Amino acid sequence: IEDGAAVLRALLAVEEDALIADLDRDLAEWDGVSAESLFTEERTAEPFPFEDEHRWARGLETAPIFTAEDLAQPVMRALYDVLLTDRNTAWAEWLDDRLDRPGTLLVAVGAGHFEGEDSLIRKLADRGLTVKRVQ
């Protein structure tokens, strides 16, 4: 459906000044704790990194990948648009066009593409298609 190199090019095109400003802000707010401390005892209380995908697969509610606070930051918004919004829009168009041809097709995407205002499911619904979860 997509060219991985095109996604990488889009990520690399995120405005450099915004990236630097975001990094400067994060460094100014950093408490000086080593990055390794993210994976010590303090971190073990956090759920398994892919727990939300496992929850989603079981039909349970999950936390949003990008919060409203994240999306208020220019860099995070740009990453959200590149990784989710733009891709979901392109995939919905591709899938809509592909459904006009005969044959069976299996498409697998990460669980993060199925939630939120810019989800693939909403993009497909905007095109008049119905998505049905199959367990």
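Quick caveat, the model's predicted, so the values are computed rather than measured.

(A) The overall build of the chain, seen in detail. The secondary structure content of the chain amounts to seven helices and zero strands. Along the chain, from the amino end to the carboxyl end, the secondary structure elements read α-α-α-α-α-α-α. Taken across its 135 residues, the chain has 21% of its residues classed as buried. Accessible surface, the chain: about 10,100 Å² in total, of which carbon and sulfur atoms supply 56%.

(B) Local environment of a nonpolar patch on the surface. A cluster of nonpolar residues, Ile 1, Trp 94, Leu 105 and Val 107, forms a patch on the protein surface that exposes about 330 Å² of accessible area. Take Leu 105: it is sitting in the loop between α6 (74-98) and α7 (120-126).

(C) Spotlight on the side chain of Asp 96. Inspection of the secondary structure puts Asp 96 in helix α6. Discounting chain neighbours no more than four positions away, the residues touching Asp 96 are Arg 127 and Leu 129.

(D) A look at the packing of helix α1 (residues 4-12) against α6. At a minimum axis distance of 9 Å, the contact between α1 and α6 shows a crossing angle of 145°. Of the two elements, α1 crosses α6, and the hand of that crossing is right-handed. Every residue of α6 that contacts α1 at Val 7, Ala 10 and Leu 11 is listed here: Leu 79, Val 82, Leu 83 and Arg 87. Tallied by class, the residues present in the contact of α1 with α6 amount to six nonpolar, no polar and one charged.

(E) Highlighting the nonpolar core. Residues Trp 91, Ala 92, Leu 95, Leu 120 and Leu 124 constitute the largest nonpolar core, which totals five residues. Mapped by element, the contributors of at least two residues to this core are α6 and α7. For this core, the leading source of residues is α6, giving three residues. Apart from the residues within four sequence positions on either side, Ala 92 is in contact with Leu 120, Lys 123, Leu 124 and Arg 127.

What counts, and where the lines are drawn
- Residues numbered from 1 in each chain as written.
- Predicted model: local features only at pLDDT ≥ 70, side-chain atom pairs only at ≥ 80, totals over all residues.
- Heavy atoms only, no water.
- Helix = DSSP H or I, 4+ residues; strand = E, 2+ residues; numbered from the N terminus.
- Buried < 20%, exposed > 50% of the residue type's maximum accessible area, 1.4 Å probe, protein only.
- Areas by Shrake-Rupley, 256 points an atom, 1.4 Å probe, with all protein chains shown as cover.
- Patch = residues over 30% accessible without salt bridge, like charges linked within 9 Å, V, L, I, M, F, W, Y side chains within 5 Å.
- Salt bridge = Lys/Arg side-chain N within 4 Å of Asp/Glu carboxyl O.
- Contact = heavy atoms within 4.5 Å.
- Axes fitted to C-alpha atoms, helices over the stretch in contact; angles between N-to-C directions.
- Left-handed = near helix turned anticlockwise from the far one by under 90°.
- Nonpolar A, V, L, I, M, F, W, Y, C, P; charged D, E, K, R; others polar.
- Core = buried A, V, L, I, M, F, W, Y, C linked by side-chain atoms within 4.5 Å.

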